[in-house]
Amino acid sequence: MAAIEARRLERVFSGGVRAVDGVDLEVDEGEIYAFLGPNGAGKTTIVRILTTLLRPTAGSARVAGFDVADEPAKVRRAIGVALQEAALDPLMTGRELIRLQATLHGLPRDEGRRRAEALLERVDLVGAADRQIGTYSGGMRRRVDLASALVHEPRVLFLDEPTTGLDPVSRKAIWEEVAKLNADGTTVFLTTQYLEEADQLANRVGIIDFGRIVAEDTPGRLKAQIGRPHLEIKLGDGAVKRAQEVVGRFGRPLPSKDGAVLVELERGAAEIAPVVRALDEAGLIVEALDLVEPSLDDVFVAKTGHRLEPAEASEQPE
Amino acid sequence: MGWRAAMATIGALVRRAGNELLRVPGAAIPGVLAPTIFFLGLTSVFGHLNALPGFTSGTYQSFLIPISLMQGAGFTGAATGVNLARDIEQGWFDRLLVSPAPRSVLLAGLVISASLRSLIPATVLLTVGFSLGVSWPGLGGLAIAIVIVLGMGTLAACWGMVLALRFKSQSAAPLMQAGMLVLILTTTAYAPLALLTGWLHTAARFNPVTQVVETARQGFVGGVTWGNTWPGLLALTGLLLLLGALALRGMRRTAI
Amino acid sequence: MNLAANLRVIWALGARSVKQTLRRPQLLAPIIVFPSLLLAIQTGGAGRAVDLPGFPQVHGFLDFMLAGAMIQSTLLAGNSGGIALAVDIEMGFTDRLLAAPIARFSMVLGRLAGTAVLGALSAVWFIAIGLIFGARIEEGVGGALLMVLFVTLSAVAFGALGAAIALRTGRASVVQGLFPLVFVILFLSSAFFPEDLMLEPAKTVAQYNPISFIVEGIRDPVISSLSTRKLFEAIASIALIGALSIWLSSIALRRRLRIGG
């Protein structure tokens, strides 16, 4: 059974804004599926529809086997949600929040308390559990939000931009937690604007732009569709033309960039050594060498015609 | 959701609302200060109205205090609406909506806390009032007044919630406050019906809250009779059913 | 920066604060909505007070109450202005102003200019609804203009007080918390009822409260022919409060600049 299904899902806002413009989706149980797209692409709107916070204006969706429009209460019992707005109360302590969530899900008091303690341990917030959330750092807030989403052991977990604004260390911690959850069988649906996040975590990625899915596949296959890796070679004495002749034997030369010679390789890293040797034999000195893999950004550009992250590259962790 | 879980949820929401008072220093003060200041101020300013023929009660304080009690409840309830608007703006409300708790349980949790909190300004007002010579209403009169305070707090909270759910913004706060102000003051608030002039006389005749005022007032200005009690309770119940239904409808339509 | 440039800045900041207030219900309601509602209700509710022995000779209770509503609106306008300035401080907008080569006090003067405009607009509003609902201004057009003048000047005075508190505390919630205090001051004056007919101790306080003098100055043209004494008392009170609050706001500003906010 599909954990999440959507058929021709549409959401038009007053004023004619087509935030979701005909989306079909099928996420299997146990999958990690990521929506990748820039701000305003419709990711959050789709999550809000799937989590019963918003009604679609056309189309239908089912989560955990229940229709979101007709059986919302049943959907809510089966899902865990950590939204972008991190719906937290600064006056509550972490422990109180998770316990409240347990109560909202109808868990008996002792059971709720037991699970709260276990989750606090799991997200490493035991020390801060009795401090008010208003004093928590950004990373801590995301962790307590995540913990509260798990208190009723949901079958499907929705994470809307789970690591936006976090430092690299906190980001890695969230990724590890998500991977562990998935290993236990939870289906994870996440949205992100970070290529690396989609690449690292997701079994499948849906690229979304202007309310539509423009491409959907595993990260590897998406990248392979776009192209093969290429070498960027900077030469010592700038003999670009001669170098191009040499490397032309190994693969398709690409237009040179900033004085560097580019060549597309058929088989990737394995061909680096022969290329260098050939340049060496031709008497050309290699100053710098870089193997560039196609990124999801390239996929994004190819499918949508514009870049995903104009200046965000510096924000990505190593 | 079973009734035990529903009770637990309502309890948790009431406790959370209590945090605002307990964990934010001085948060209770505006809710208490405003009605008390109005009580003291209005009795000082309009106290001599009591000399007009038509006023049958002892002092103007005794005449006015039920209004102040109701205003305190109205203010507290409206503040609940403002808090909900804030919670909607900041995303906290999504957490409640996404959970499987039924909308009626969420509504009850939000509204009951307002009702209980109305007792705080009421207690301060009665203390101040009695020390200034307000006549003792008798246990029956007091009980009736308290019931009406709780009811008005609930009513004001429902009103605040309807607006919060409709506008989803704290800028609706003045409307929440003004609505309650108008409802309570377009009655025999300042003077008996015979002494009201112009449009206010007409408004007070038809405003169901006038009945509520007279019911709350009876102990303070005279004796308590069933004949004076049931109209006010009926009016209050009717208004609660109406606004409660509107608030519940607003909650259920949040996904539109 | 020369005088002309500074005046342009004050104009621009004033325009901004007027627009801000008109666009945000929470800021506009206390200035127009609440005083109008209370005016309507109190006039209808306590209207028979004119029958009390000792009540001044008036055409109607509304004529008496109008000044009270206007002074209430003006005080609240000053409070609103203070809240808005405090929000500017909290949000860092004032830093933007201070980093520009404008005269330091223009920040306050701009806000006061806006409050003055709002005061004038509210005065016109209340005069209009007073006339519509049957009030009669004894001193005619001249009287009405005098009322608008008093309200505008008072708005500046109260606005400066609000600004002083905003600058000193830098927190909107503190300025907002003074809301009840405005009503305390109003109740302890002759805004809503003749002093002589109030109960003690409010009566005695009202007799010395400068707000009472200002209210009487606004009320005088409506209910009788002008009395130079009341005029003088009103102007003196406005000048006193104005001078005090402008002084307070300038030292508060200097302190903030020195400490760095």
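Residues numbered from 1 in each chain as written. Chains lettered and ligands numbered in written order. Predicted model: local features only at pLDDT ≥ 70, side-chain atom pairs only at ≥ 80, totals over all residues.

### Re the overall build of chain C
To keep it simple, the criterion reads: Strands here are runs of E lasting at least two residues and helices are runs of H or I lasting at least four, both read from the DSSP assignment and numbered beginning at the N terminus. What the globule rule says is 2.2 Å times the number of residues to the power 0.38, and the radius of gyration is computed from C-alpha atoms. In this description, any two residues whose backbone-derived C-beta atoms lie within 7 Å of each other are considered to be in contact.
Along its length, chain C carries 12 helices and zero strands. Its helices and strands taken in sequence order, chain C reads α-α-α-α-α-α-α-α-α-α-α-α from the N to the C terminus. The C-alpha radius of gyration of chain C comes to 19 Å, within 12% of the 18 Å expected for a compact globule of 261 residues. Each principal axis of the C-alpha distribution contributes one length, and for chain C these read about 60 × 35 × 35 Å. Counted over contacts in chain C with a minimum sequence separation of 6, partners at least 24 positions apart contribute 81%.

### Points about the overall build of chain A
Just so we agree on the cut-off: Using C-beta atoms placed from the backbone, we call a residue buried if 20 or more other C-beta atoms fall within 10 Å of its own, exposed if 12 or fewer do, and partly exposed for counts in between.
Along the backbone of chain A there are 11 helices and 14 strands. C-alpha atoms of chain A, sized along the principal axes, occupy 75 × 45 × 35 Å. Burial analysis of chain A (318 residues in total) assigns 42% to the buried set. A separation of at least 24 residues holds for 68% of the contacts in chain A among residues at least 6 apart in sequence.

### Some details on the arrangement of the chains
Between chains B and C lies the most contact-rich interface of the two pairs of chains that touch. What separates chain A from chain C at the closest point of their C-alpha atoms is a distance of 17 Å, and the two make no contact.

### Considerations on the interface of chain B and chain A
Basically, it comes down to this: As a working rule, the residues Ala, Val, Leu, Ile, Met, Phe, Trp, Tyr, Cys and Pro are called nonpolar, Asp, Glu, Lys and Arg charged, and the rest polar, with Gly in that last group.
Each side of the interface is counted separately: chain B has 23 residues, and chain A has 22 residues. Elements represented by at least two residues in the side of chain B that touches chain A include exactly helix 1 (3-23) and helix 4 (92-98) of chain B. Broken down by class, the residue content of the side of chain B that touches chain A amounts to 13 nonpolar, five polar and five charged.

### A word on the interface of chain B and chain C
With 32 residues of chain B at the interface, the matching set in chain C holds 28 residues. Listing elements by their share of the side of chain B that touches chain C, those giving two or more residues are helix 2 (28-46), helix 8 (173-185) and helix 9 (198-206) of chain B. By residue number, the principal contributor to the side of chain B that touches chain C is helix 2 of chain B, which donates 10 residues. Looking at the side of chain B that touches chain C, its residues break down into 23 nonpolar, nine polar and no charged.

### Focus on the pairing of strand 9 (residues 204-209) of chain A
Residues and elements named next belong to chain A. Spelled out, the test is: DSSP-based pairing: two strands are paired if at least 2 bridges between them are found.
When you tally the buried positions in strand 9, you get five out of six residues, the bulk of the element. Two strands pair when backbone bridges link them, and strand 3 (residues 32-36) and strand 9 are joined in this way by four bridges, in the parallel orientation. Each residue of the ladder has a partner; that of Phe35, found in strand 9, is Gly206.

### Details of the confidence of the model for chain C
Stated formally: Per-residue confidence from the predictor is reported as pLDDT, which spans 0 to 100.
Summing up the model confidence of chain C, the mean pLDDT is 89 and the portion of residues at 70 or higher is 99%. Prediction confidence for the complex, expressed as pTM and ipTM, is 0.80 and 0.81 respectively.

### Comments concerning the sheet that holds strand 5 (residues 66-67) of chain A
All names here are of chain A. Taken together, the four strands give an open sheet; going across it, the order is 2-1-4-5, and neighbouring strands pair in antiparallel fashion. One side of each edge strand has no neighbouring strand; the edge strands of this open sheet are strand 2 (17-28) and strand 5. Both strand 4 (residues 58-63) and strand 5 contribute to a ladder of two bridges, which runs antiparallel. If you follow Val63 over to strand 5, its bridge partner there is Phe66.

### A word on the domain arrangement of chain A
As a reminder of what qualifies: Each domain span listed reflects an automatic or database assignment of domains.
If you check the domain split of chain A, you get domain 1 (2-224) and domain 2 (230-292). On a C-alpha basis, the centres of domain 1 of chain A and domain 2 of chain A stand 45 Å from each other.

### Structural notes on the sheet that holds strand 3 of chain A
All names here are of chain A. How we decide: Fitted lines through C-alpha atoms serve as axes, helices being fitted only where they are in contact, and the angles separating the N-to-C directions of these axes extend from 0 to 180 degrees.
As summarised here, the arrangement of the six strands in space is 6-7-8-3-9-10, forming an open sheet in which the pairing is mixed. With one partner strand each, in any of the chains shown, strand 6 (79-82) and strand 10 (212-217) form the two edges of the open sheet. When strand polarity is set aside, the average angle formed by the axes of neighbouring strands in this sheet is 15°. The sheet strands contacting helix 5 (residues 138-149) are strand 6 and strand 7 (156-160), and the helix crosses strand 6 at an angle near 170°.

### Topic: unusual backbone geometry
A cis amide bond, omega -5°, links Glu200(C) with the succeeding residue Pro201(C). Residue position: Pro201(C) is located in the loop between helix 9 (179-187) and helix 10 (202-208). Even without being glycine, Glu153(A) reaches a positive phi, approximately 50°. Within the secondary structure, Glu153(A) sits in the loop between helix 5 and strand 7. Even without being glycine, Glu161(A) reaches a positive phi, approximately 50°. One can find Glu161(A) in the loop between strand 7 and helix 6 (168-183).

### Concerning the environment of Asp290(A)
Note on placement: Asp290(A) falls in strand 14 (residues 286-292). Separated by 117 residues in the primary sequence, Asp290(A) and Ala173(A) have C-alpha atoms spaced 30 Å apart.

### Some remarks on the packing of helix 5 (residues 103-117) of chain B against helix 7 (residues 138-167) of chain B
All names here are of chain B. Keep this limit in mind: Note on angle classes: values under 35 degrees are labelled roughly parallel, values over 145 roughly antiparallel, values of 65 to 115 roughly perpendicular, and the remainder oblique. Here a crossing is called left-handed whenever its near helix is offset anticlockwise from the far helix by less than a right angle, and right-handed whenever the offset is clockwise.
Two elements in contact, helix 5 and helix 7, have axes separated by 8 Å at closest approach and are oriented at 135°. Comparing the axis directions of helix 5 and helix 7 gives the class oblique. Judged by the twist between their axes, the crossing of helix 5 over helix 7 is right-handed. Contacts between helix 5 and helix 7 pair Leu110, Val111, Ala114, Ser115 and Arg117 from the former with Leu150, Gly153, Thr154, Ala156, Ala157, Cys158 and Met161 from the latter. Residues of the contact of helix 5 with helix 7, tallied by class, amount to eight nonpolar, three polar and one charged.

### Section: the pairing of strand 7 of chain A
Along a regular strand, successive side chains alternate from one face of the sheet to the other. Residues and elements named next belong to chain A. Put simply, the rule reads: For the handedness criterion, the strands are oriented away from the viewer, and a crossover whose path from the first strand over the helix to the second runs clockwise is classed as right-handed.
Within strand 7, five of the five residues are buried, which leaves it mostly tucked inside the rest of the structure. Pairing of strand 6 with strand 7 involves four bridges; the strand directions are parallel. Following the sheet pairing, Ile79 is matched in strand 7 by Val156. With five bridges connecting them, strand 7 and strand 8 (residues 187-192) associate as parallel partners. Looking at strand 8, one finds that Leu157 is bridged to Val188. Crossover handedness for the path strand 7 to helix 6 to strand 8: right-handed.

### A closer look at the environment of Gly58(B)
Topologically, Gly58(B) is positioned in the loop between helix 2 and helix 3 (60-90). As for Gly58(B) and Val221(B), which are separated by 163 residues in sequence, their C-alpha atoms are 6.6 Å apart.

### Things to note about the environment of Phe158(A)
Residues and elements named next belong to chain A. Among the structural elements, Phe158 can be located in strand 7. Phe158 gets classed as buried once you count the C-beta atoms within 10 Å, which come to 25. Measuring from C-alpha to C-alpha, the distance between Phe158 and Ile32 comes to 10 Å, with 126 residues separating the pair along the chain. Among residues more than four places away in sequence, those in contact with Phe158 are Val47, Leu50, Thr51, Ile79, Val81 and Phe189.

### A look at helix 1 of chain B
Quick note on the threshold: Each helix should span, by expectation, one fewer than its residue count multiplied by 1.5 Å.
Taking 1.5 Å of rise per residue, 21 residues should cover 30 Å, and helix 1 of chain B covers 29 Å from first to last C-alpha, within 8% of that figure. Taken together, the buried residues of helix 1 of chain B touch helix 3 (94-104) and helix 4 (109-122) of chain A together with helix 5 of chain B.

### Focus on the packing of helix 4 (residues 61-91) of chain C against helix 9 of chain C
Residues and elements named next belong to chain C. Running from amino to carboxyl end, helix 4 crosses helix 9 at an angle of 150°, the nearest separation of the two axes being 10 Å. It follows that helix 4 is roughly antiparallel to helix 9 by the angle criterion. Between helix 4 and helix 9 the crossing geometry is right-handed. Mapping the contact onto sequence places Gln72, Leu75, Leu76 and Asn79 in helix 4 and Phe179, Val182 and Leu186 in helix 9.

### Re the confidence of the model for chain A
Per-residue confidence for chain A gives a mean pLDDT of 85; residues scoring 70 or more make up 94%. pLDDT under 50 marks residues 310-318 of chain A. Its contacts with residues more than four places away, or in other chains, come to six contacts.

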